[in-house]
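Below, each chain spelled out in residue letters.
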Amino acid sequence: MTEVIVRYPPSPTGPLHVGTVRVMLYNYVFAKQHNGKIVMRLEDTDRERSTKESEENILSGLKNMGITWDGEVHYQSKRIPIYRKYLEQLLNEEKAYYCFCTKEELETERLRLEGVKLPPRYSGKCAKISKEEQEMRVKKGEKGVIRFRTPESEPIIFEDHIRGKVEINAKEIDDFVIAKNLDEPLYNFCVVVDDHEMNISHVIRGEDHISNTPKQILIYEAFSWKIPEFAHLPLILNEDKSKLSKRKNKVSVDDYLAEGYLKEALLNFLALLGWNTSDENEIFSLEDLIREFSLERVHKGGAVFDLAKLLHVNGVWIRKKTPEEFKNLAEQFLQDPIFVEGRKKYGEKFYETALELVHERTKKLNELPDFLRFFFVDDLKYSKELFFHEKMKVDENVAKTALEEGKKILEGISESDWNEENIKEELLVALSETSPSPIHGWKNGQLLWPLRVALSGEAFSPGTFELLAVFGKERSLGRIEYGTLVLNG
C-alpha cells in the first residue's frame, strides 16, 4: 500500500456535528492503523455561511474528543490563487469553458425537459462558443460561470472499499459548473485540486458524496492526476429512517456533552453506527478502535441513531470511572446552591459518599441533580401513596408498622455502632422467624421499602442500609418521623 494520507474537510458553517465526528473518527482510526498522516482542511469558501465561531468550535471540539491531525490547518479561502491557476489551465486546454446562459434561459430549458419527462441537464449551448470569443466577452465584463467540458467516454467505474465496484453512465453527467468565476471555485473542483496537492491517498466520506465522485474522477482525468481510493460510509438516520436532522434529533456534539454524555461514550457509539464488530463486544476506547476497526466491516445500509443504545453505552463508560473521576465529571452538573451549600453543611465525606451511592445507576450526568437532591434537602415532598407497593405486599398498615418498629430498632443502635453492617444485622434479625418483634416473619421488602421511602422520598434510590449509614442516626430518625406524619396525614 502507498503511504496513507487522509483528510478532514469540515465546512465551518455550524457547530461540530455528530456525523462529522463519525466520518473523522473513521479517518483517524484508519490512518493510525497504517501509520499514516491526517490533513485538516477547512472548506470555508462559502463566505456567507462560514464563521470564525464555527471554525473554533469544530477544531477545539475534535481535539477535546481526542481526534487530532498532523501539521497546520489548511484553509480553502487562502488557496484561491492555486484554484485559479488550475481553472486557467482547463480553460486554455479547452477542457472547460465560460457559460453565459442566464438563469431565465436555464430555467426555461429545465421546464422543457421536465415536460418531456427527461432529467434536467445543461444543453451545451455555450460549449460551441470559441475560446477567443469567450475571452473577449469576459474582458468586456460579461458575467459567466465556468463549466467543465464533460468528455464522451465509457462508463465511469471505481472500486469503493465499502460498496465494491461502482459504475456510473458518463452520459448522465452534463457539463457541470466548477466555478462561478476565476476567484470563486466550487466544491467539486476545489476538493480535487486539494486532494491532489495534499497527496491524499484515501477519501473516506459519507455516501451522500457518491454522486460527486464521478464528476471528481473526470476532473482528475482531465489533469492526468492519480485518483485516490474511495470509501463511502452509510448515512446516519433518525429512528424513522430519514436522514439525521436537527428537527428530529440533537446533532451538535456540544448538545450531547452538555446533557451529560461522555466523550468516550459518544465516540464509542458513533463508531458502532455502520460498523460491525468482530464479536459481541460493543465497548471500545479509541485505542481499541485502532486495533479492531476495519473498513471491510462497515456496512452499506444506513445506521439508525439509537438514543437508547447511546444511553446504555454512556452508562457503561460512567461506571468505568473511578470515584475521583466521577466526582470531577459531576462537578459542572451540581452547581445549584442546594448542592454547593449542602456540600459545605454536611461535609466533603458526605458529598463523596452520596456520589458513590448513585454512581452505578447514573446513565447521564445531567441525572445527578435529581438523584442527589434528597440527600441535601430535608424538607421532602411526597405523598403517602409512595409507601404502598403491591408486589412487596406493603399497604398503609404495613407501612405504618414498618416505620414504627424500624424506628424502635434503630433508636437502640448507639452512635458509635451506627454503620451499614450493624444496621443491616439489627433490622434483619427483627424479621427472623424466632424474633419476638411484631414484624417477625415479614419479607425483607415489607420493612425495607417503607424505610427507604421515608429516607429518600423517592421511588428509586440507593438501598435502605446505605442510606441509613450515610444520613447518620439523627437525620435518619428525623426522616422516619416525618414519614410517619405523611402516612397519618
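Cut-offs and rules
- Within every chain, residues take consecutive numbers counted from 1 along the sequence as written.
- Local features in this predicted model are restricted to residues of pLDDT 70 or higher, and side-chain atom pairs are both shown and tallied only at a pLDDT of 80 or more, whereas totals for entire chains, interfaces and linings draw on every residue.
- With hydrogens and water set aside, each side-chain value is computed from the structure's full complement of heavy atoms.
- Starting at the N terminus, helices and strands are each numbered in turn, a helix being any DSSP run of H or I of at least four residues and a strand any DSSP run of E of at least two.
- Here, residues are in contact when the closest pair of their heavy atoms is within 4.5 Å.
- By definition here, a salt bridge exists when the distance from a side-chain nitrogen of Lys or Arg to a carboxyl oxygen of Asp or Glu is within 4 Å.
- The buried label applies to any residue whose accessible area, calculated with a 1.4 Å probe on protein chains only, is under 20% of its type's maximum; exposed applies above 50%, and partly exposed to all values in between.
- For two strands to be treated as a pair, DSSP must find at least two bridges joining them.
- Interaxial angle, 0 to 180 degrees, is taken between N-to-C directions of lines fitted to C-alpha atoms, where a helix line uses only the stretch in contact.
- In what follows, roughly perpendicular refers to angles from 65 to 115 degrees, roughly parallel to angles under 35, roughly antiparallel to angles over 145, and oblique to any angle outside these ranges.
- Throughout this entry, Asp, Glu, Lys and Arg are counted as charged residues, while Ala, Val, Leu, Ile, Met, Phe, Trp, Tyr, Cys and Pro are counted as nonpolar. The remaining residues, Gly among them, count as polar.
- Each helix should span, by expectation, one fewer than its residue count multiplied by 1.5 Å.
- For this quantity, the arc is that covered by the directions from the helix axis to the C-beta atoms.
- For this analysis, a nonpolar core means a set of buried residues of the types Ala, Val, Leu, Ile, Met, Phe, Trp, Tyr and Cys, connected via side-chain atoms within 4.5 Å.

**Section: the environment of Lys407**
Turning to step 1, where the next piece is worked out: Summarising the element assignment, Lys407 is placed in helix α16 (residues 396-411).
Turning to step 2, where the next piece is worked out: Along the backbone, Lys407 and Leu451 are 44 residues apart, and their C-alpha atoms lie at a distance of 8.9 Å.
Turning to step 3, where the next piece is worked out: Those residues within four positions of Lys407 in sequence are excluded, and the remaining contacts are Leu477, Ile480 and Glu481.

**Considering the pattern of salt bridges**
Turning to step 1, where the next piece is worked out: Scanning the entire structure with this criterion turns up 40 salt bridges.
Turning to step 2, where the next piece is worked out: Among the ionic pairs, Glu105 bridges to Lys125, the shortest N-O distance being 3.1 Å. Of this pair, Glu105 sits in helix α4 (residues 103-115) while Lys125 sits in the loop between α4 and α5 (131-139), placing them 20 residues apart in sequence.
Turning to step 3, where the next piece is worked out: With relative accessibility at 35%, the residue Glu105 sits in the partly exposed group.
Turning to step 4, where the next piece is worked out: Judged by its relative accessible area of 47%, Lys125 is partly exposed.

**Structural notes on unusual backbone geometry**
Turning to step 1, where the next piece is worked out: A positive phi angle, close to 60 degrees, is found at Ser224, a residue other than glycine.
Turning to step 2, where the next piece is worked out: The residue Ser224 is located in the loop between α7 (213-223) and β10 (229-233) in this model.
Turning to step 3, where the next piece is worked out: A relative accessible area of 67% places Ser224 in the exposed class.

**Quick look at the sheet that holds strand β3 (residues 73-75)**
Consider a sheet: its strands pair through backbone hydrogen bonds, and that pairing is either parallel or antiparallel.
Turning to step 1, where the next piece is worked out: Read across the open sheet, the three strands follow the order β1-β2-β3; overall the sheet is parallel. Across the chains shown, the open sheet's two edge strands, defined by having one partner strand only, are β1 (5-8) and β3. The mean inter-strand angle of the sheet, taken between neighbouring strand axes irrespective of direction, is 35 degrees.
Turning to step 2, where the next piece is worked out: Judged from the three bridges that link them, strand β2 (residues 37-42) and β3 form a sheet pairing that is parallel. Bridge assignment links Leu42 to a residue of β3, and that residue is Tyr75.
Turning to step 3, where the next piece is worked out: Each of β1 and β2 touches helix α1 (residues 18-33); the most contacted strand, β1, lies at about 160 degrees to it.
Turning to step 4, where the next piece is worked out: Along the sheet face, helix α2 (residues 52-65) touches β2 and β3 and points at about 160 degrees away from the line of β2.

**Re the packing of α1 against helix α9 (residues 263-272)**
Turning to step 1, where the next piece is worked out: For the pair α1 and α9, the least separation of the axes is 9 Å and the interaxial angle reads 75 degrees. The pairing of α1 with α9 is recorded here as roughly perpendicular in orientation. Contact residues: α1 offers Val18, Val21, Arg22, Leu25 and Tyr26, while α9 offers Leu267, Leu270 and Ala271.
Turning to step 2, where the next piece is worked out: A per-class count over the contact of α1 with α9 returns seven nonpolar, no polar and one charged.

**So, the side chain of His359**
Turning to step 1, where the next piece is worked out: Structurally, His359 is set in helix α14 (residues 348-359).
Turning to step 2, where the next piece is worked out: By relative accessible area, which is 7% here, His359 ends up buried.
Turning to step 3, where the next piece is worked out: Once residues within four sequence positions are removed from consideration, His359 is found in contact with Ile318, Arg319, Lys321, Thr322 and Phe326.

**Section: helix α3 (residues 80-92)**
Turning to step 1, where the next piece is worked out: Taking 1.5 Å per residue as the helical rise, α3 with its 13 residues ought to reach 18 Å, and the 18 Å between its terminal C-alpha atoms agrees with that figure.
Turning to step 2, where the next piece is worked out: Inspection of α3 places Ile80, Tyr83, Tyr86, Leu87, Leu90 and Leu91 among the buried residues, and these make up the whole buried set. Projected down its long axis, α3 carries its buried residues within an arc of 145 degrees, all on one side. Residues of α3 that are exposed and point more than 90 degrees away from the buried face comprise Pro81 and Asn92.
Turning to step 3, where the next piece is worked out: The elements touched by buried residues of α3 are β4 (96-99), α5, β5 (145-148), β8 (177-179), α6 (187-197) and α7.
Turning to step 4, where the next piece is worked out: Once α3 finishes, Glu94 follows within two positions and takes phi at roughly 60 degrees, a positive value.

**Regarding the nonpolar core**
It is characteristic of soluble globular proteins that their nonpolar side chains tend to be buried jointly.
Turning to step 1, where the next piece is worked out: Ranked by internal contacts, the top residues of the largest apolar core, which has 58 residues, are Leu372, Phe375, Phe387, Leu410 and Leu427.
Turning to step 2, where the next piece is worked out: Broken down by secondary-structure element, the contributors of at least two residues to this core are α11 (307-320), α12 (323-330), α14, α15 (368-376), α16, α17 (420-431), α18 (444-456) and α19 (464-488).
Turning to step 3, where the next piece is worked out: Of all the elements, α19 adds the most residues to this core, at nine residues.
Turning to step 4, where the next piece is worked out: Contacts of Leu410, omitting those with residues within four sequence positions, involve Trp418, Ile423, Leu427, Leu468, Lys473, Leu477 and Ile480.
Turning to step 5, where the next piece is worked out: Among the nonpolar cores identified, the runner-up in size contains 52 residues, and Leu16, Val23, Ile204 and Ala303 belong to it.

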